[in-house]
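# Coordinate analysis (summary)
Okay, here's what each chain looks like letter by letter:
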Amino acid sequence: MSNTHHPYAIIGGGLGGLTAARVLHVHGIESAVFDLEAGPETRTQGGMLDIHEENGQKALQAAGLHDDFLKLVHEGGQAMRLLGPDGTVHVAEEDDGTGNRPEIDRGELRDLLLNSLPDRTVRWGRKVTGARPLGDGRHEVAFADGSVITTEVLIGADGAWSRVRPLLSDARPAYTGISFVETDLYEADTRHPRSAAIIGGGFFIALGNERGFLAHREPDGSLHVYCALKTHEGWIDTIDFSDHATAKAAVLAHFDGWDEGLRGLVADAETITPRRIHALPVGHRWDHVPGVTLLGDAAHVMSPFAGEGANLAMYDGAELALALATHPGDTEAALTAYEEALFPRSEASANESATSLDTMFSTDGLERMVEFFTTTPAVQ
């Protein structure tokens, strides 16, 4: 295929890459987004996200989409419950409409961003196989379909296993010691009323003995559950997750003695999917390289226990686009300004995430989280 030039090339069509493209568009700058998925409907986009006032919502404001975002917010989604292994409710907070972290379905948020872009901004089915510098800040990107592009500004928004990151850094994500097993319970109010009652209307945590459950009620009435286990990196490989009965038994063996209602979040589930949790080193940064930078998980993938991943990716995308828009003709000044703000911001969140992981999955994690929620003002 022919070599095509795009002045601004964004690798990865997740929330961060799409936010960058949208904010560039708002400022009259055309970009091209390349995503490895075959199309926007290739896979479901995951569960609920709480969008924080100080970063995710600021990004949506820069994108001119905040009002449309508010129309999609899941009413009641900021409710929170914290339980112990015996099913005792230790903390329960209702969503009274005053919180600053409204919940939205990840797929709906991505669609909001996608639909705000000009047609053909996103090129689907373009899996990057490599990228190399051409000199003078220009780069070449090669794709699995044989196509090649060149660009003056290469933005790696391609997630934890970024193909752009090696241009800047040798760092690779490492296993955090926590594995998730994700489950779904559909039509919960009618088919799984016990589980629906336990989880309530919003976010749910149950902790004890270095393990636990995190869950959300979805707008469609389903329950999405993250079963979190402190286990060795190879544990997932010892289980056949295509055999649901066997997989459920293997997971539930870690929850012997737990309340039967909590165990039902696995036992009664319609789906079961494993996922290891990885993170880059806290404080990951790089020396500036002309014409290329990173955002979101490509720059600072961290465990999800600070709830900042999607928010930071969107904020990174908006801040990068704003830097480029306010430094016309001086890409290096724009990228340098962006990175100088990015590094301390992402280090603070990565520290918070790592600390939360250690707290939640310690031997006294339940007690420490009860203290956090009952003594920290405005955690919502």
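Above this text sits the structure in question.
As a starting point, this report considers the structure included with it.

### Some details on the overall build of the protein chain
When you go through the protein chain residue by residue, the secondary structure sums to twelve helices and 16 strands. In terms of overall size, the protein chain behaves like a compact globule, its C-alpha atoms giving a radius of gyration of 21 Å where 380 residues would be expected to give roughly 21 Å. Taking the principal axes of its C-alpha atoms as reference, the protein chain extends roughly 65 × 45 × 35 Å. The buried share of the protein chain, taken over its 380 residues, is 55%. Restricting the contact set of the protein chain to residue pairs at least 6 apart, pairs at least 24 apart contribute 72%. Total accessible area on the protein chain is roughly 16,000 Å²; 49% of this is exposed by carbon and sulfur atoms. Averaging the coordinates of the 29 positive side-chain charges in the protein chain and doing the same for the 57 negative ones gives two points 5 Å apart.

### Focus: the sheet that holds strand β4 (residues 80–83)
Strand order across the open sheet formed by seven strands is β5-β4-β12-β13-β14-β11-β15, with mixed pairing between neighbours. Edge positions in the open sheet fall to β5 (89–93) and β15 (271–279), since each of these has one partner strand only. For this sheet, the mean inter-axis angle between neighbouring strands, taken without regard to orientation, is 15°. Here strand β12 (residues 203–208) runs beside strand β13 (residues 211–217); their pairing, made up of six bridges, is antiparallel. When the sheet's bridge partners are listed, G208 is paired in β13 with R211. Against the sheet, helix α8 (residues 260–267) makes contact with β4, β11 (174–185), β12, β13, β14 (223–230) and β15, and its axis sits at roughly 90° relative to β11, the strand it touches most.

### Some details on the pairing of strand β1 (residues 3–11)
Here β1 pairs with strand β10 (residues 148–156) via eight bridges, running parallel. Residue pairing for β10: H6 is matched across the bridge by T151. Here three bridges tie β1 to strand β2 (residues 32–34), and the two strands are oriented parallel to one another. Its bridge partner lying in β2, A9 is registered against A32.

### Section: the layout of surface pockets
Empty space among the atoms can be located by rolling a probe the size of a water molecule over them. The space that makes up the second largest pocket amounts to roughly 160 Å³. If you trace the second largest pocket, you find it lined by L114, N115, L117, P118, D119, R120, T121, V122, R123 and W124. Counting residues per element, the ones that place at least two in the lining of the second largest pocket are α4 (106–115) and β7 (122–123). A per-class count over the lining of the second largest pocket returns five nonpolar, two polar and three charged.

### A short note on the packing of aromatic side chains
Overall, the coordinates contain nine aromatic pairs when judged by the stated rule. An angle of 35° between the planes, with centres 5.1 Å apart, marks the rings of F34 and F143 as tilted. A residue pair is termed long-range when its members are at least 10 positions apart, and F34 in strand β2 and F143 in strand β9 (residues 138–143) qualify at 109 residues. For the residue pair F34 and F143, the accessibility class agrees, reading buried in each case. Note on F180 and Y226: the rings are 5.3 Å apart at their centroids and 50° apart in plane angle, and the pair reads as tilted. Here F180, found in strand β11, pairs with Y226, found in strand β14; they are 46 residues apart in sequence, far enough to count as distant. On the accessibility criterion, F180 (3% relative accessible area) is buried. For Y226, a relative accessible area of 15% corresponds to the buried category.

### Some points on the packing of helix α10 (residues 309–326) against helix α11 (residues 331–360)
At a minimum axis distance of 8 Å, the contact between α10 and α11 shows a crossing angle of 160°. For the element pair α10 / α11, the angle class is roughly antiparallel. Of the two elements, α10 crosses α11, and the hand of that crossing is right-handed. Residue-level contacts link L312, Y315, D316, E319, L320, A323 and L324 of α10 to T331, A334, L335, Y338, L342, R345 and S349 of α11. A class-by-class count of the residues in the contact of α10 with α11 yields nine nonpolar, two polar and three charged.

### A closer look at the nonpolar core
Ranked by internal contacts, the top residues of the largest apolar core, which has 58 residues, are I10, L109 and L324. With seven residues, α10 is the single largest residue contributor to this core. Setting aside residues up to four positions removed in sequence, I10 forms contacts with G17, A20, A21, L24, S31, A32, V33, F34, I155 and A157. In terms of nonpolar packing, the next biggest core, distinct from the first, is built from 29 residues, L83, A196, F204 and C227 among them.

### Description of α8
Counting buried positions along α8 gives six out of eight residues, so the element sits mostly inside the fold. Along α8, the residues that are buried comprise G261, L262, R263, G264, L265 and V266.

### Comments concerning the environment of T336
Position of T336 among the secondary structure elements: in helix α11. Judged by relative accessible area, T336 falls into the partly exposed class, the value being 29%. T336 sits 47 residues away from V289 along the chain, and the two C-alpha atoms are 9.2 Å apart.

Analysis parameters
In this convention, every chain numbers its residues from 1, walking through the sequence in written order. Local features are withheld for residues below a pLDDT of 70 in this predicted model, meaning they are given only at 70 or higher, and side-chain atom pairs are given and counted only at 80 or more; totals for whole chains, interfaces and linings count all residues. Here the side-chain values reflect all heavy atoms present in the structure, with hydrogen atoms and water set aside. Numbering of helices and strands runs from the N terminus; a helix is a DSSP stretch of H or I covering at least four residues, while a strand is a stretch of E covering at least two. Using C-alpha atoms as the atom set, the radius of gyration is obtained and then compared with a globule rule of 2.2 Å times the number of residues to the power 0.38. Burial classes: relative accessible area under 20% of the type maximum marks a residue as buried, over 50% as exposed, and values in between as partly exposed (1.4 Å probe, protein chains only). It only takes one pair of heavy atoms within 4.5 Å for two residues to be counted as in contact. In these tables, accessible area is a Shrake-Rupley quantity obtained with a 1.4 Å probe, and a residue counts as shielded only by the protein chains included in the view. Here Asp and Glu are counted as negative and Lys and Arg as positive; His is not counted, and neither are the chain ends. Every charge is mapped onto a representative atom, which is NZ of Lys, CZ of Arg, CG of Asp or CD of Glu. In short, DSSP must find at least two bridges between two strands for them to pair. Axis definition: a line fitted to C-alpha atoms, limited for helices to the stretch in contact. Angles are taken between N-to-C directions and run from 0 to 180 degrees. Space inside and on the surface of the protein is sampled on a 1 Å grid over the protein atoms alone, with a cavity defined as a set of points where a 1.4 Å probe fits but cannot get out and a pocket as an open set with protein on both sides within 12 Å along at least 5 of 7 lines; lining residues have an atom within 4 Å of a point. Grid points are joined across faces, edges and corners, and a volume is the space filled by probe spheres set on the points. Residue classes follow a fixed rule: Ala, Val, Leu, Ile, Met, Phe, Trp, Tyr, Cys and Pro count as nonpolar, while Asp, Glu, Lys and Arg count as charged, and any other residue, Gly among them, counts as polar. Here a pair means two rings of Phe, Tyr or Trp (six-membered ring of Trp) with centres within 6.5 Å. Their orientation is stacked below 30 degrees between planes, edge-to-face above 60, and tilted elsewhere. Each angle is binned into one of four classes, with values under 35 degrees roughly parallel, values over 145 roughly antiparallel, values of 65 to 115 roughly perpendicular, and all other values oblique. The handedness criterion is simple: a crossing whose near helix is rotated anticlockwise from the far helix by less than a right angle is left-handed, and one whose near helix is rotated clockwise is right-handed. Definition of nonpolar core: a set of buried residues of the types Ala, Val, Leu, Ile, Met, Phe, Trp, Tyr and Cys, connected through side-chain atoms within 4.5 Å.

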